[in-house]
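Residues per chain, in single letters:
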Amino acid sequence: MEQHFWTTAILDFLIALGVVIGGVVFGGLGAFLTGDYPMERMMRLAEHLKIWAMVAAIGGTIDMIKALEVNILGGQINQAFQQMIFVLSAFIGAHTGTILVHWLIKGEI
């Protein structure tokens, strides 16, 4: 069970990171092709994609909220805590992607 927990937490982190980085790269390419400023667009996209990266990593917010409710009301606090760790892991991955984009574009964090 412990192995499954850490595997899921790491996957959530990396999926959220990948959604932000991939979305920013392809959004920047789209901005370039349409004559917009790619770097400026990429900075805005990084901020806007954070929440969607978390949703994609967790697998849909409604399922996670339902599981959290069932676990808390059912007295399974350990399971609820694990769900919160998965959300935190996805948030950290999305935020890391945003920080990386800011760092690569501006040279500062």
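Model, not experiment: these values are computed from the prediction. The residue numbers shown here count from 1 along each chain, following its written sequence. Where local features are concerned, this predicted model is filtered to residues with pLDDT of at least 70; where side-chain atom pairs are given and counted, the filter is 80 or more; whole-chain, interface and lining totals use all residues. Note that water and hydrogens are dropped before the side-chain values are worked out from all heavy atoms of the structure.

Participant: Which residues make up the overall build of the chain, and what values do they have?
Facilitator: When its secondary structure is counted, the chain shows five helices and zero strands. Its helices and strands in sequence order give the chain the pattern α-α-α-α-α, from N to C terminus. Using C-alpha atoms as the atom set, the radius of gyration is obtained and then compared with a globule rule of 2.2 Å times the number of residues to the power 0.38. For the chain, the C-alpha radius of gyration of 16 Å lies well beyond 13 Å, the compact-globule estimate for 109 residues. Residue contacts are defined here by distance: any two heavy atoms, one from each residue, within 4.5 Å place the two residues in contact. Restricting to contacts in the chain with at least 6 residues of sequence separation, those with at least 24 account for 69%. Carbon and sulfur atoms provide 72% of the accessible area of the chain, an area that totals close to 7,000 Å². Residues scored as positive are Lys and Arg, those scored as negative are Asp and Glu, and His as well as the terminal groups of each chain are ignored. By convention, the point assigned to a charge is CZ for Arg, NZ for Lys, CD for Glu and CG for Asp. When the 5 basic and 8 acidic side-chain charges of the chain are each reduced to a single mean position, those positions are 8 Å apart. Secondary structure elements are taken from DSSP: a helix is a run of H or I of four residues or more, a strand is a run of E of two residues or more, and numbering for both begins at the N terminus. Surface exposure here means Shrake-Rupley accessible area, sampled with a 1.4 Å probe, where a residue is shielded only by the protein chains that are shown.

Participant: Could you give an account of helix H1 (residues 2–33), with specific residues and numbers?
Facilitator: The length a helix should cover is 1.5 Å for every residue beyond the first. The terminal C-alpha atoms of H1 lie 47 Å apart, and with 32 residues this matches the ideal 46 Å at 1.5 Å per residue to within 8%. Residue burial is assigned from relative accessible area. The probe radius is 1.4 Å, only protein chains are included, and a residue is buried under 20% of its type maximum, exposed over 50%, and partly exposed in between. Those residues of H1 not exposed but buried are Phe-5, Thr-8, Ala-9, Asp-12, Ala-16, Leu-17, Val-20, Val-24, Gly-27, Gly-28 and Ala-31. On its buried face, H1 sits against helix H2 (38–48), helix H3 (50–58) and helix H5 (77–106). After H1 finishes, the residue Gly-35 shows a positive phi value of roughly 85 degrees.

Participant: Explain the UniProt feature "transmembrane region" (unreviewed entry) in the chain to me, and be specific about the residues and the numbers.
Facilitator: UniProt positions are given in the numbering used here, feature names are shortened, and annotations may be inferred rather than shown by experiment. According to UniProt, the positions carrying the feature "transmembrane region" (unreviewed entry) are residues 13–37 and 80–105. Here residues 13–37 runs as 84% helix and 0% strand, with 29 Å between its end C-alpha atoms. Strand forms 0% of residues 80–105 and helix 100%; the C-alpha atoms that close the span are 38 Å apart.

Participant: How would you summarise the packing of H1 against H2 if you had to cite specific residues and measurements?
Facilitator: To define axes, lines are fitted to C-alpha atoms, for helices over the stretch in contact only, and angles between the resulting N-to-C directions are given on a 0 to 180 degree scale. Contact pair H1 / H2: the axes reach a minimum separation of 8 Å and the direction vectors enclose 145 degrees. Crossing hand, H1 versus H2: right-handed. For the pair H1 and H2, contact is made by Val-20, Gly-23, Val-24, Gly-27, Gly-28, Ala-31 and Phe-32 and by Pro-38, Arg-41, Met-42, Leu-45 and Ala-46, respectively. Split by residue class, the contact of H1 with H2 holds eight nonpolar, three polar and one charged. Whether a crossing is left-handed or right-handed is set by the direction in which the near helix is turned from the far one by less than a right angle, anticlockwise for left-handed and clockwise for right-handed. Think of it as three bins: nonpolar holds Ala, Val, Leu, Ile, Met, Phe, Trp, Tyr, Cys and Pro, charged holds Asp, Glu, Lys and Arg, and polar takes everything else, Gly as well.

Participant: Break down the packing of aromatic side chains for me, citing the residues and quoting the values.
Facilitator: Put simply, two rings from Phe, Tyr or Trp (the six-membered ring, in Trp's case) pair if the centres are within 6.5 Å, and we call them stacked under 30 degrees between planes, edge-to-face over 60, tilted for the rest. Throughout the structure, instances matching the rule amount to two aromatic pairs. On the basis of an interplanar angle of 35 degrees and a centroid distance of 5.3 Å, the ring pair of Phe-5 and Phe-86 is categorised as tilted. You can see Phe-5 sitting in helix H1 and its partner Phe-86 sitting in helix H5, a full 81 residues away along the chain. Taken as a pair, Phe-5 and Phe-86 share a single burial class, namely buried.

Participant: An account of H2 is requested, with residue identities and associated values reported.
Facilitator: Along H2, the residues that are buried comprise Met-42, Met-43 and Ala-46. Down the axis, H2 shows its buried residues gathered within 100 degrees of arc, on one side only. Buried residues in H2 make contact with H1, H3 and H5. The directions considered for the arc run from the helix axis to the C-beta atoms.

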